[in-house]
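Results of the structural survey
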Amino acid sequence: MTDASHRDTWRRHTQRQGLTIWLAWLGLVALTVWCWQIMTRDTIWFFVTDAPTQAADIGSRMWPPRLSYLPELLWPLWDTLNMATLGTMLGILMAVPVAFLAARNTTPSALVLRPAALFVIVASRSINSLIWALLLVAIMGPGLLAGVIAIGLRSVGFIGKLLYEAIEEVDSVPVEAVIATGAGRAQVLDYAIVPQVLPAFWGISVFRWDINIRESAILGLVGAGGLGLKLQSSLNVLAWPQVTMILLVILATVVVSEWVSARVRKAII
Amino acid sequence: MLELNSLQKTYRTGDKALNDVTLSVPEGQIVGLIGPSGAGKSTLIRCINRLVEPTSGSITLSGRPITGLGHRELRAMRRRIGMIFQEYALVERLTVMENVLSGRLGYVGFWTSFTRRYGADDISRAYHLLDRVGLMDHADKRADALSGGQRQRVGIARALAQEPELLLVDEPTASLDPKTSRQIMRLLTGICAEHGLPAIVNIHDVPLAQQFMQRIVGLRAGQIVFDGAPSALTEDVLSEIYGAEDWHAMRRGAEEDRAAEADSVAHLERIGA
């Protein structure tokens, strides 16, 4: 060992890098302070200090939930579940062809159909289902059908995007082997690609169904039927115990759907 | 009889994978293709069923041209050429039987294959082949439940289900242990002998090639540098094929693999599969 000739100090960063990092942190803190000042300029502090009292007041008016309201909620709950399930099915029906058109390894035309399919996916994803429902209620009047279609249109993008990514990730070796047998295009899809994406497909569909149950519970706010409609009418007449009851029903539904989707995902892996 | 006439393949990267390869394989002959990685072995057999598109030259099988076929004729030609892969290339989530029956895809229509309602001939042939490769009891298992050696047997049964006139075999034993490798080679050569089936076998294990092949072709940098009986494979010939220490060829090998992969992906995109 030639110990004498080696340095005994070591730094992760050079002095210059260290200074840059320190200045960046300083800038971030300054920005935060400045934003806080702008944000609080128009705040009426009386309301903020009063917030706990107000929350306690609403809380006391919301409690206890009005249990006798439950029977009236069962039918809208059934509507909400149907809206989520039918909407998910509609979304799957539209998303599967779109995904195969969008995936680089299955699209029949990379120049025309692939960009078109990607556009459909982006368009569907960029509009929230509440907005879709708002538009559809305006176009076709209030009711469950508008809700089903709104859920379906929003789901196309979600399912389509995840599914086309799964299709692009398939192992190409079995695909090559099936092509080598002289199989046609549709047969290659059926024998080499579909079996590889099937687990992803079920996982994605159940996941989206799970999300759709939550979303369909509030679509009634804009007139698309289901629990949201009840929520809106209860809020309008300030019937806070009923609002609590509705929130509890939504919570229970979401817990159940979460459990179902976890079971399904476990079964297919 | 398979004939390759001054076959050339140049990848888009400018890599010359095959350079003026002329070769003929008569009925019933098993040819071992040896050479360092990157010599173009993989490219050569993929040119024969046009998973890789040759740049120039011609290929004929029993007098019928393979190069220059349209989509429909190419499918009809491919079903006469069985292919066996290094990593088995089974569809893992399908059953063993479905994998074997997929060898019939070139013969049956989409609806028959989609509903899995194959004709009695196809089914009895599939059972016969499973029996021949010793997997009769595994027909309804999923392919991913089998061991490596068993999977390769399914791969062999699938290729034979095509009733091929020619077998292309790409490193059949590279993923197997020495004992299983010998069993697979014995099975493969036995089946070829039974049916008088010609085969081209890419193989990097020289002793295994000498033991099982009737003829050896040595490829180096895309050119044939040896063609003869296994017994003629002396030390001198081997060092001519592999080079004493040819690091350059090894590096090219990695490059060629990447280029081949990119090329076949591009090809798959083009045919929309």
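These numbers were taken from a predicted model, which means no experiment stands behind them.

1. A short note on the overall build of chain A
If you tally the helices and strands in chain A, you get ten helices and zero strands. Going residue by residue from the N terminus, the α and β elements of chain A occur as α-α-α-α-α-α-α-α-α-α. In terms of overall size, chain A is more extended than a compact globule, its C-alpha atoms giving a radius of gyration of 27 Å where 269 residues would be expected to give roughly 18 Å. Overall, the C-alpha framework of chain A stretches about 75 × 70 × 35 Å when taken along its three principal axes. Looking at chain A as a whole, 35% of its 269 residues are labelled buried.

2. Considerations on the sheet that holds strand E10 (residues 223-228) of chain B
Residues and elements named next belong to chain B. The sheet built from six strands is open, its strands ordered E6-E7-E8-E3-E9-E10 with mixed pairing. A strand with exactly one partner marks an edge of an open sheet, and here the two such strands are strand E6 (81-84) and E10. Each neighbouring strand pair of the sheet contributes to a mean axis angle of 20 degrees, computed without reference to strand direction. With four bridges connecting them, E6 and strand E7 (residues 166-170) associate as parallel partners.

3. With respect to the domain arrangement of chain A
Splitting chain A by domain gives domain 1 (9-47) and domain 2 (75-268). Taking the mean C-alpha position of each, domain 1 of chain A and domain 2 of chain A sit 41 Å from one another.

4. Points about the domain arrangement of chain B
All names here are of chain B. Once the domains are mapped, chain B shows domain 1 (2-80 + 166-268) and domain 2 (92-163). Summarising the inter-unit geometry, the C-alpha centres of domain 1 and domain 2 are found 25 Å apart. At the interface, 14 residues of domain 1 touch ten residues of domain 2. Taken together, the elements giving at least two residues each to the side of domain 1 that touches domain 2 come down to helix H2 (71-78) and helix H7 (178-195). Considering every element that reaches the side of domain 1 that touches domain 2, the biggest residue donor is H7, with six residues.

5. A word on the packing of helix H3 (residues 70-102) of chain A against helix H9 (residues 227-236) of chain A
All names here are of chain A. Taken N-terminus to C-terminus, the directions of H3 and H9 make an angle of 135 degrees; their axes are 7 Å apart at the nearest point. Judged on the interaxial angle alone, H9 and H3 are oblique. Side by side, H3 and H9 meet where Leu 73, Pro 76, Leu 77 and Thr 80 of the first sit next to Leu 227, Leu 229 and Lys 230 of the second. For the contact of H3 with H9, a count of residues per class yields five nonpolar, one polar and one charged.

6. Focus: the interface of chain A and chain B
In this complex, chain A contributes 29 residues to the contact, which on the side of chain B involves 28 residues. Counting only elements with at least two residues in the side of chain A that touches chain B, the list comes to helix H7 (172-180) and helix H8 (185-219) of chain A. Among the residues forming the side of chain A that touches chain B, the class breakdown is 16 nonpolar, nine polar and four charged.

Reading the values: the criteria
Residues numbered from 1 in each chain as written. Chains lettered and ligands numbered in written order. Predicted model: local features only at pLDDT ≥ 70, side-chain atom pairs only at ≥ 80, totals over all residues. Helix = DSSP H or I, 4+ residues; strand = E, 2+ residues; numbered from the N terminus. Rg over C-alpha atoms; globule rule 2.2 N^0.38 Å. Buried ≥ 20, exposed ≤ 12 C-beta atoms within 10 Å, placed from the backbone. Pairing = 2+ DSSP bridges. Axes fitted to C-alpha atoms, helices over the stretch in contact; angles between N-to-C directions. Domains from an automatic or database assignment. Contact = placed C-beta atoms within 7 Å. Parallel < 35°, antiparallel > 145°, perpendicular 65-115°, else oblique. Nonpolar A, V, L, I, M, F, W, Y, C, P; charged D, E, K, R; others polar.

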